[in-house]
Amino acid sequence: MIGTGPFSAFVGWRGHAYLSLLMRLYLGWVFITACLHKIANPAMFAVDVATYQLLPLWAVNFFALTLPWVELFAGVLLVVGLRARAAALLVALMMLSFLLALAHALHLGLDMACGCFASAAAVDEDPISWRTVVRDAGWLLLALYVLTLDRTPLGLDRWLAKKGAVTHA
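Residues numbered from 1 in each chain as written. Predicted model: local features only at pLDDT ≥ 70, side-chain atom pairs only at ≥ 80, totals over all residues. Heavy atoms only, no water.

## A few points about the nonpolar core
In globular proteins that are soluble, nonpolar side chains generally tend to be buried together. Counted only if it meets this: What we call a nonpolar core is a set of buried Ala, Val, Leu, Ile, Met, Phe, Trp, Tyr and Cys residues that are connected through their side-chain atoms within 4.5 Å. Burial classes: relative accessible area under 20% of the type maximum marks a residue as buried, over 50% as exposed, and values in between as partly exposed (1.4 Å probe, protein chains only). Only DSSP runs of H or I covering at least 4 residues are called helices, and only runs of E covering at least 2 are called strands; the numbering of each starts at the N terminus. By definition in these notes, contact holds between two residues if any of their heavy atoms fall within 4.5 Å.
In this structure, Phe31, Tyr52, Val91, Met94, Met95 and Ile128 are the most contacted members of the largest nonpolar core, which totals 38 residues. Considering every element that reaches this core, the biggest residue donor is helix 5 (residues 84-108), with 11 residues. Apart from residues lying up to four places away in sequence, Met94 is in contact with Phe31, Leu67, Val70, Glu71 and Ala74.

## Comments concerning the packing of helix 2 (residues 16-40) against helix 6 (residues 130-149)
The geometry of a pair of packed helices is captured by two quantities: the angle between their axes and the separation between those axes. The cut-off we apply is this: Axis geometry follows a simple rule: fit a line to the C-alpha atoms, using only the stretch in contact for helices, then measure angles between N-to-C directions, giving values from 0 to 180 degrees. Put simply, angles under 35 degrees are roughly parallel, angles over 145 are roughly antiparallel, angles from 65 to 115 are roughly perpendicular, and the rest are oblique. Handedness of each helix crossing follows the sense of rotation of the near helix against the far helix: counterclockwise by less than a right angle gives left-handed, clockwise gives right-handed. Under the scheme applied here, ten amino acids are nonpolar (Ala, Val, Leu, Ile, Met, Phe, Trp, Tyr, Cys and Pro), four are charged (Asp, Glu, Lys and Arg), and all others, including Gly, are polar.
Here helix 2 crosses helix 6 at 135 degrees, and the two axes come no closer than 9 Å. Comparing their axes, helix 6 and helix 2 come out oblique. Our pair here, helix 2 against helix 6, has a crossing hand that is left-handed. Residues His16, Leu19, Ser20, Met23, Arg24, Tyr26, Leu27 and Val30 of helix 2 form the contact with helix 6, whose participating residues are Trp139, Leu142, Ala143, Tyr145, Val146 and Leu149. For the contact of helix 2 with helix 6, the per-class residue count stands at 11 nonpolar, two polar and one charged.

## Structural notes on the state of the cysteines
Test applied: The definition used for a disulfide is geometric: two cysteine sulfur atoms within 2.5 Å.
Enumeration over the complete set of coordinates arrives at one disulfide. Covalently, Cys114 is tied to Cys116 through a disulfide, its sulfur atoms 2.2 Å apart. The pair formed by Cys114 and Cys116 is uniform in burial state, with each residue classed as buried.

## Overview of helix 6
This is how it is decided: One less than the residue count of a helix, multiplied by 1.5 Å, gives the span that helix is expected to have. Polar contacts, as used here, are pairs of N or O atoms within 3.5 Å; protein pairs need one atom able to donate a hydrogen and one able to accept it. Residues neighboring in sequence count only if both atoms are side-chain atoms.
Compared with an ideal rise of 1.5 Å per residue, which puts 20 residues at 28 Å, helix 6 spans 28 Å between its outermost C-alpha atoms and is within 8% of the ideal. All buried positions along helix 6 are accounted for by Thr132, Val133, Asp136, Trp139, Leu140, Ala143, Tyr145, Val146, Leu147 and Leu149. Sitting at the amino-terminal end of helix 6 is Ser129, which places a side-chain oxygen 3.1 Å from the backbone nitrogen of Arg131.

## Some words on unusual backbone geometry
Positive phi, close to 60 degrees, is recorded for Gln53, a residue that is not glycine. Mapped onto the elements, Gln53 comes out in the loop between helix 3 (42-51) and helix 4 (57-80). If you check the backbone angles, Arg83 has positive phi at about 50 degrees while not being a glycine. Here Arg83 is to be found in the loop between helix 4 and helix 5.

## Thoughts on the packing of aromatic side chains
Note the threshold: Side-chain rings of Phe, Tyr and Trp (the six-membered ring for Trp) are treated as a pair once their centres are within 6.5 Å; stacked means planes under 30 degrees apart, edge-to-face means over 60, and tilted covers the remaining angles.
Within the structure shown, the criterion is met by two aromatic pairs. Summarising the aromatic geometry, the rings of Phe117 and Trp139 are spaced 6.1 Å apart at their centres and angled 75 degrees between planes, so their arrangement reads as edge-to-face. A residue pair is termed long-range when its members are at least 10 positions apart, and Phe117 in the loop between helix 5 and helix 6 and Trp139 in helix 6 qualify at 22 residues. A relative accessible area of 32% means that Phe117 is categorised as partly exposed. The buried category is assigned to Trp139, whose relative accessible area is 9%.

## Considering the environment of Met44
Along the chain, the position of Met44 falls in helix 3. A relative accessible area of 40% places Met44 in the partly exposed class. Sequence spacing of Met44 and Ala118 is 74 residues, and the spatial spacing of their C-alpha atoms is 9.0 Å.

## Considerations on a nonpolar patch on the surface
As a reminder of what qualifies: Surface patches are drawn from residues lacking salt bridges whose relative accessible area is over 30%; two like charges belong together within 9 Å, two nonpolar side chains (Val, Leu, Ile, Met, Phe, Trp, Tyr) within 5 Å. Here the accessible surface of atoms and residues is derived via Shrake-Rupley with a 1.4 Å probe, and residues count as covered only by protein chains that are part of the display. Each reported salt bridge corresponds to a side-chain nitrogen of Lys or Arg within 4 Å of a carboxyl oxygen of Asp or Glu.
Together, Leu25, Val76, Val79, Val80, Leu156 and Trp159 make up a nonpolar patch on the protein surface, roughly 450 Å² of accessible area in all. Listed by contribution, the elements that provide at least two residues to the nonpolar patch are helix 4 and helix 7 (156-163). Examining the composition of the nonpolar patch, we find that three residues originate from one element, helix 4, more than from any other. Tracing the backbone shows Trp159 in helix 7. Among the residues examined, Trp159 registers a relative accessible area of 48% and is labelled partly exposed.

This is the structure in structure tokens:
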């Protein structure tokens, strides 16, 4: 029978909203923190992006100018709980692309910092490694948890739904 059993009980657990709130606040803080140096120093971030050797040079500046604002947008949405699942999807997609970029850089043997929270000049402080991949994979899992199990997010989504202004997809 559909809708019964331990899996359905797990999916329907009311505690997901509270656990997801903690995850959303943490992920939101991570993304807001990560975007600040990139917004303040777009030229340095463009060098970080180019160092990965993934994008054609003509796309590096656009990417370096755009990505930090997407990170800020997603981070703020996660923190305030507005369109939280859509923000979690955005974060999951970014994390997946970051993981692919890290794996590519490690495969090439590049000696660099990830550029996540500081520029590539900080290679001595935060060199990329498989630890960086594990960290990012953990953030991906948190985003996927919020995306799949946070059916009634605590925050503006829930408040607006009570007001009758928002419907959840």
